[in-house]
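In case you want the letters, here they are:
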Amino acid sequence: MSAITVDISDMKLSANPDDVIVTYALGSCIAVLVCDPVRVAAGMIHYMLPLSETSPEKAKTKPAMFADTGIPLLFQGMYKLGCRKQDLVVKVAGGGALYDDKGIFSIGKRNYTILRKMFWKSSVIIAAEDVGGSKSRTARIYVGSGRCTVSSQGQEIDL
Amino acid sequence: MIAPEGILSRLKDLPTLSAAAVRLAGLARDERSSAADFEKVIRPDPALTANLLRVVNSAYFGLRCRAESVRQAVTLLGLRRTSEVAAAAALAPIIPRRLPGYEMEASSFWTHCVAVAVLSERLSTELGVRRPDLTFTAGLLHDVGKLAIGVFVADSSSEILSRTREGGMTFVSAERAVLGVDHSQVGATVAEAWKLPPAIADVSRWHHSPNETPDKADRLLVDLVHVADALAHSLGLGADVGEMARKVDPATEARLGIRARGLERVASESLEEIRSLAHEFAPGAGGTR
């Protein structure tokens, strides 16, 4: 089994059933995990910020930095692998916050809000999620089985 | 609780920053210093010379021509930047492969150090405030106390973690409650023992409690590093066992007048710089026993 690592502001896709896609240290950032049990393919994005208007120049070179430019690319990537929208299973992890996080540092909350808005507009249903809190998370998706796990504070859960 | 002698004995075990880096930090603050003075300090240190040339020619600094000699590097980079590169070149090799207590690999700790250095500078630009002397270096070295206190944190790990995870304490408060001292206080002691400029010790000491910064210290510098540290942890740039169990001081937010959008811009525009700069050095070669 080979591990494919997704860095911050990056995304990876695979149709190799032996691969596992992993991302580490999800704080306020969010990982969207998509798998297609029919085509046997999976993809993951680890975006850092909600909106590309924050830095349009960066959005051109690193679209996966932002939810609004990155998430559509993840879905398009899955379609290029031959997946169909109705077969996709979508899960979400991350969006954590520092303590007392109500104001300027609520990046995690804003990351999640924009995600919900985008999914609502395009009728994507979130099958499972582990978001919020002051945790740092590691998320994995096993391409062959479509199994998704989130580990944090020494414990691993199936998503 | 740790007896003060316990900490002091750890300091003796800690590898020291290269003498050249410490001397450069001093020279950089002396307006009479020249490139020739810098050259005299750097050239006898082959590791520093090699690192300096590599970093100067890296994408991070984006120079138009290639520096082939120490003199050229100092001229192209300027004295202040040279001393900052030297600080980074001196810190990277003394980070242990794994930090006990904080459950982090050298690469993760290093990423965090570089992230806070770059974010602190970028934040001063975003806010349009003066950039305090030593912003980069103070950001880079803000957590140096973790190198000395880690073994004690490891011994009391379950107690500290239960206070953060069940008790809702910040990690630094839990350290202080359980050990009697925290990594920021220890960091200031380390900085003093290494004879670093006082601003470095000040930032280490108050980076979790910027409101307590006394008037004689540079409060703006402490505020910038405080916010940059929180931002780095929020973004997962160097996650440790304390995870997101930390607070941002509302008084700092008010003093700096920073907005959410500004903070996000700082993050988006710093990420690649942090990556490329962190990549230039290989941490974890040596370090504490």
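Because the structure is predicted, anything quoted here is derived from the model rather than measured.

Colleague: Talk me through the overall build of chain A; I want residue IDs and the actual numbers.
Modeller: Scanning chain A for helices and strands turns up three helices and 10 strands. Secondary structure elements in chain A, listed N-terminal to C-terminal, are β-β-β-β-β-α-α-β-α-β-β-β-β. For 159 residues, the compact-globule estimate of 2.2 N^0.38 gives 15 Å, and chain A sits close to it at 15 Å. Counting only C-alpha atoms and orienting by the principal axes, one finds that chain A spans roughly 45 × 35 × 25 Å. Taken across its 159 residues, chain A has 55% of its residues classed as buried. Here the contacts in chain A between residues at least 6 apart in sequence split such that 60% fall between residues at least 24 apart. Distance between charge centroids for chain A: 4 Å, based on 19 positive and 15 negative side chains.

Colleague: Which residues make up helix 4 (residues 46-56) of chain B, and what values do they have?
Modeller: All names here are of chain B. When helix 4 is considered as a whole, its buried residues turn out to be Leu 48, Thr 49, Asn 51, Leu 52, Leu 53, Val 55 and Val 56. In this structure, the buried residues of helix 4 make contact with helix 2 (19-28), helix 3 (35-42), helix 5 (70-77), helix 6 (79-91) and helix 16 (260-279). For helix 4, the N-terminal cap is Asp 45; the gap from its side-chain oxygen to the backbone nitrogen of Leu 48 is 3.1 Å.

Colleague: Now, about the interface of chain A and chain B: what can you tell me, with residues and values included?
Modeller: Counting from both sides, the interface comprises 32 residues of chain A and, opposite them, 33 residues of chain B. Counting the surface lost from both chain A and chain B, the interface buries some 2,900 Å², and carbon and sulfur atoms represent 62% of this. Of all residues in chain A, the largest losses of buried area upon contact with chain B belong to Tyr 99, Ile 104 and Phe 105 of chain A, amounting jointly to 27% of the total for that side. Viewed at the interface, chain B and chain A are joined by three salt bridges. A salt bridge links Glu 272 of chain B to Lys 58 of chain A; its shortest N-O distance comes to 3.4 Å. At the surface where chain A touches chain B, the tally comes to nine residue pairs in polar contact (both at pLDDT 80 or more). Contributing elements (two or more residues each) for the side of chain A that touches chain B: helix 1 (56-61) and helix 3 (107-121) of chain A. Partitioned by chemical class, the residues of the side of chain A that touches chain B number 14 nonpolar, 11 polar and seven charged.

Colleague: Tell me about the nonpolar core, and please be specific about residues and values.
Modeller: Nonpolar side chains tend toward joint burial in soluble globular proteins. Core analysis: the biggest nonpolar cluster contains 131 residues, and Met 48 and Phe 105 of chain A together with Leu 91, Trp 110, Leu 140, Ile 149 and Leu 231 of chain B have the highest contact counts within it. Counting residues per element, this core draws most heavily on helix 7 (residues 106-127) of chain B, which supplies 11 residues. Setting aside residues up to four positions removed in sequence, Phe 105 of chain A forms contacts with Leu 98 of chain A together with Val 227, Ala 230, Leu 231, Val 248, Glu 253 and Leu 263 of chain B.

Colleague: How would you sum up the packing of aromatic side chains? Please name residues and give values.
Modeller: With the rule as written, the count across this model stands at two aromatic pairs over all chains. For the ring pair Phe 75 of chain A and Phe 119 of chain A, a centre distance of 6.0 Å and an interplane angle of 75° mean the geometry is edge-to-face. Separated by 44 residues along the polypeptide, Phe 75 of chain A in helix 2 (residues 67-80) and Phe 119 of chain A in helix 3 bring together distant segments of the chain. Exposure remark for Phe 119 of chain A: the relative accessible area of 4% places this residue in the buried category. It is Arg 205 of chain B that lies over the ring of Trp 206 of chain B; its NZ or CZ is 5.7 Å from the centre.

Colleague: Just give me the short version of the sheet that holds strand 7 (residues 126-131) of chain A, but keep the residues and values in it.
Modeller: Residue and element names in this part refer to chain A. Taken together, the five strands give an open sheet; going across it, the order is 2-5-4-6-7, and neighbouring strands pair in mixed fashion. Edge strands, defined here as strands with exactly one partner in the open sheet, are strand 2 (10-14) and strand 7. Neighbour to neighbour, the strand axes of the sheet diverge by 10° on average, direction disregarded. Pairing of strand 4 (residues 30-36) with strand 5 (residues 41-47), which is carried by seven bridges, proceeds in the antiparallel orientation. Considered in strand 5, the bridge of Ile 30 is made with Tyr 47. Those strands touched by helix 3 are strand 4, strand 5, strand 6 (89-94) and strand 7, and its axis lies near 175° from that of strand 7.

Colleague: Describe the packing of helix 12 (residues 183-193) of chain B against helix 13 (residues 198-206) of chain B, and please don't skip the residues or the numbers.
Modeller: Residues and elements named next belong to chain B. Packing of helix 12 against helix 13 leaves a shortest axis separation of 7 Å and a crossing angle of 170°. For the element pair helix 12 / helix 13, the angle class is roughly antiparallel. Residue-level contacts link His 183, Ser 184, Gly 187, Ala 188, Ala 191 and Glu 192 of helix 12 to Ile 200, Ala 201, Ser 204 and Arg 205 of helix 13. When its residues are assigned to classes, the contact of helix 12 with helix 13 shows four nonpolar, four polar and two charged.

Cut-offs applied
Residue positions are given per chain, counting from 1 as you read along its sequence in written order. To label them, take the chains in the order written and letter them from A, then take the ligands in the order written and number them from 1. For a predicted model such as this one, the threshold for reporting local features is a pLDDT of at least 70, and the threshold for listing and counting side-chain atom pairs is 80 or more; totals across whole chains, interfaces and linings nevertheless cover every residue. The side-chain figures draw on all heavy atoms in the structure; neither hydrogens nor water molecules are used. Put simply, DSSP H or I for four residues or longer makes a helix, DSSP E for two residues or longer makes a strand, and each gets a number counted from the N terminus. The quantity called the radius of gyration is restricted to C-alpha atoms. Its globule counterpart is 2.2 Å times the number of residues to the power 0.38. A simple rule labels every residue: compare its accessible area, found with a 1.4 Å probe on the protein chains alone, to the largest value its type can have, and call it buried under 20%, exposed over 50%, or partly exposed in between. Working rule for contacts: check all heavy atoms of both residues, and any pair within 4.5 Å makes them a contact. The charged-residue count follows a simple rule in which Lys and Arg add positive charge and Asp and Glu add negative charge, with His and chain termini not counted at all. To locate a charge, the coordinates of NZ of Lys, CZ of Arg, CG of Asp or CD of Glu are taken. Whenever a nitrogen or oxygen atom comes within 3.5 Å of another N or O atom, the pair is scored as a polar contact, on the condition that within protein one atom can donate a hydrogen and the other can accept it, and that pairs from neighbouring residues in sequence are kept only if both atoms are in side chains. Once two parts are brought into contact, the accessible area they lose, counted with a 1.4 Å probe and summed over both, makes up the buried area. Just to be clear on terms, a salt bridge is a Lys or Arg side-chain nitrogen sitting within 4 Å of an Asp or Glu carboxyl oxygen. Amino acid classes used here: Ala, Val, Leu, Ile, Met, Phe, Trp, Tyr, Cys and Pro are nonpolar; Asp, Glu, Lys and Arg are charged; the rest, including Gly, are polar. By nonpolar core is meant a set of buried Ala, Val, Leu, Ile, Met, Phe, Trp, Tyr and Cys residues that side-chain atoms within 4.5 Å join together. Aromatic pairs are defined between Phe, Tyr and Trp rings, using the six-membered ring for Trp, whenever the two ring centres lie within 6.5 Å; interplanar angles under 30 degrees are classed as stacked, those over 60 as edge-to-face, and all others as tilted. Charge-over-ring placement is defined geometrically: NZ (Lys) or CZ (Arg) within 6 Å of the ring centre, and within 35 degrees of the ring normal. Here, a strand pair is defined by DSSP locating no fewer than two bridges between the strands. Note on definitions: angles span 0 to 180 degrees between N-to-C directions of axes, and those axes are lines fitted to C-alpha atoms, for helices only across the stretch in contact. Convention used here: angles under 35 degrees read as roughly parallel, angles over 145 as roughly antiparallel, angles from 65 to 115 as roughly perpendicular, and any remaining angle as oblique.

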